Amino acid sequence: MRNPLRSETEAFGFVLVVLVGAVVIIGAAYVNTWVGVAAAVVVVAGIVWWLFREPAETARQPKLASGTPAGTHRVLILAPPGTGAVSKPAAATEIVVVVPALASTVEALTGAVDDRRADAEATAQRLASQLPHARGEVGADDPVLAVEDALREFGADQIVVVGDRQTAELVRGRVTVPVASAPSGNAV
Amino acid sequence: MAAAAQAEHLHEHEHPPEPHYSSRVSPSVLGMFLFIASEIMLFGAFFTAYFFVRVVNGVPWPTPPYHLPVYVAFINTCILVTSSFTVHWSLQSIKRGNHFGLQAGLLLTFLMGLTFLITQAIEYSRIGFNTSDGAFATIFFCLTGLHGAHVFVGLTILLFMTIRAFRGHFSPEHHHGVEIGGIYWHFVDVMWIVVFTTVYIL
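Residue positions within a chain follow its written sequence, with the count starting from 1. A letter from A marks each chain and a number from 1 marks each ligand, given out in the order of writing. Given that this is a predicted model, residues contribute local features only at a pLDDT of at least 70 and side-chain atom pairs are listed and counted only at 80 or more, while totals for whole chains, interfaces and linings are drawn from all residues.

All names here are of chain A. Look at helix H1 (residues 8–31) against helix H2 (residues 33–52): their axes get within 6 Å of each other, and the N-to-C directions meet at 160°. One finds that H1 runs roughly antiparallel with respect to H2. When the axes of H1 and H2 are compared, the crossing they make is right-handed. Two secondary-structure elements touch here, H1 through Val-17, Gly-21, Val-24, Ile-25, Ala-28, Ala-29 and Val-31 and H2 through Thr-33, Val-35, Gly-36, Ala-39, Ala-40, Val-43, Ile-47 and Trp-50. In this classification, the charged set is Asp, Glu, Lys and Arg, the nonpolar set is Ala, Val, Leu, Ile, Met, Phe, Trp, Tyr, Cys and Pro, and all remaining amino acids, among them Gly, are polar. Here the contact of H1 with H2 is built from residues that sort into twelve nonpolar, three polar and no charged. Note on geometry: axes are lines fitted to C-alpha atoms, helical ones only across the stretch in contact, with angles between N-to-C directions running from 0 to 180 degrees. Here a strand is any run of E in DSSP of at least two residues, a helix any run of H or I of at least four, and the numbering for each starts at the N terminus. Angles are sorted into four bins: roughly parallel if under 35 degrees, roughly antiparallel if over 145, roughly perpendicular if 65 to 115, and oblique for all others. Crossings are sorted by hand: turned counterclockwise from the far helix by less than a right angle, the near helix makes the crossing left-handed, and turned clockwise it makes it right-handed. The contact criterion used is a C-beta to C-beta distance within 7 Å, with each C-beta placed from the backbone.

Now the structure itself:
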């Protein structure tokens with residue numbers, strides 16, 4: 001759902017939308033009060049539809065590029081909490097294992113993500129201990145966001161998404177770095 | 001000695017847990033969501049009373065022999081809508097580093113908001129009915145008065161924003177105070193458009 005008051009610019013856009021709706025209602029009410037009421041119902045339904053429509057700017061967001069110093073091949077592994085094992089990606093000189101602190105909508109909205117972060121932290125440390133030159137990090141509660149954050153912070157030459165292929169597709173749509181997917185429990 | 005070292009060690013670790021929150025929803029956005037939700041519920045309660053009185057009970061609107069000052073309310077609507085443009089202009093100005101635009105935009109917005117509130121107060125004194133003159137009058141004053149209270153709060157926020165703008169507190173990098181205050185002002189504007197259309201036009 002779109003939040004029309006997320007920023008001042010969006011709030012101003014919302015003012016314009018409501019203004020146009022009001023003009024339609026006033027014009028209809030000028031003809032007849034009940035026509036005005038009908039117009040109000042249609043306008044309110046239209047504004048509700050507009051609010052629930054996903055904003056198009058998500059699709060227009062530029063893809064994230066990333067890079068690392070010469071001579072290094074940093075691999076970013078995205079693994080869901082509870083992943084048992086991952087194997088070392090070929091040619092990797094550095095590995096960053098990112099485990100998103102997956103939380104339910106209620107947990108995310110209320111910020112009650114302590115337990116989820118603890119689970120993610122445990123998985124990240126366990127997986128990192130299995131790999132050479134690796135470290136574990138807890139990511140955001142959205143896997144794609146976790147990858148974006150990691151790319152901005154660490155950079156990577158390759159991304160490996162463990163488990164869900166749909167997540168790998170979503171990540172591919174957001175970054176220019178090569179993305180591979182690996183089955184859960186036995187990555188790469 | 002050991003006890004003192006232990007106490008110092010404990011003291012070092014006496015701090016609140018490290019704050020963290022969902023990166024899916026930032027605190028300011030969540031705060032705005034909750035604020036909007038509470039405001040919608042507040043105005044919703046008054047609109048429910050309005051529709052109950054007008055539709056369910058069939059009270060004529062406005063109840064004869066009273067008349068609503070539609071023309072003055074329309075002029076007031078134009079003033080308030082224009083003030084949304086000026087507050088938007090002030091934000092766009094500071095984003096580009098134009099301090100004059102910021103100051104002029106905020107000052108104009110404040111003056112227009114003040115004009116709206118004074119005009120509404122004058123209309124209240126000349127409208128010819130009072131809160132005790134039936135359900136119609138009560139709901140009219142409740143809805144427009146509730147909105148007027150929001151305008152008053154908005155004006156207070158705008159006053160602080162304007163003072164800060166003239167003191168040079170905002171810059172192209174730091175103008176969160178203008179953005180958040182602007183959002184509130186736009187919300188007040190949207191609510192007035194809805195109140196005006198519902199109470200005065202329909």
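Residues and elements named next belong to chain B. Multiplying one less than the number of residues by 1.5 Å gives the expected span of a helix. Its 33 residues place the ends of helix H5 (residues 134–166) 47 Å apart at the C-alpha level, agreeing with the 48 Å of an ideal helix rising 1.5 Å per residue. Residues of H5 that are buried include every one of Phe-136, Ile-139, Phe-140, Leu-143, Thr-144, His-147, Val-151, Gly-154, Leu-158, Met-161, Thr-162 and Ala-165, and no others. Gly-168 sits one or two positions beyond H5 and adopts a positive phi of about 75°. As a rule, residues whose C-beta atom has 12 or fewer other C-beta atoms within 10 Å are exposed, those with 20 or more are buried, and those in between are partly exposed; C-beta atoms are placed from the backbone.

Let us look at the confidence of the model for chain B. Looking at chain B as a whole, the pLDDT averages 85, with 86% of positions reaching at least 70. Interface confidence for the predicted complex, given as ipTM, is 0.77, next to a pTM of 0.68. Values of pLDDT, ranging from 0 to 100, describe the predictor's confidence in every residue of the model.

Another point: the environment of Val-113 of chain A. Residue and element names in this part refer to chain A. Mapped onto the fold, Val-113 is located in the loop between helix H4 (105–110) and helix H5 (114–130). By the C-beta count within 10 Å, which is 24 here, Val-113 ends up buried. Sequence spacing of Val-113 and Ala-103 is ten residues, and the spatial spacing of their C-alpha atoms is 6.5 Å.

Let's shift gears to H2 of chain A. All names here are of chain A. Over its 20 residues, H2 runs 29 Å from end to end, which matches the ideal 28 Å to within 8%, given 1.5 Å per residue. Burial in H2 covers these residues: Gly-36, Ala-39, Ala-40 and Val-43. The arc enclosing the buried residues of H2, seen along the axis, measures out at 110°, which places them on a common side. For H2, exposure combined with an orientation more than 90 degrees from the buried face picks out Trp-34, Val-41, Ala-45, Val-48, Trp-49 and Phe-52. To be clear, the arc concerns the directions from the helix axis to the C-beta atoms.

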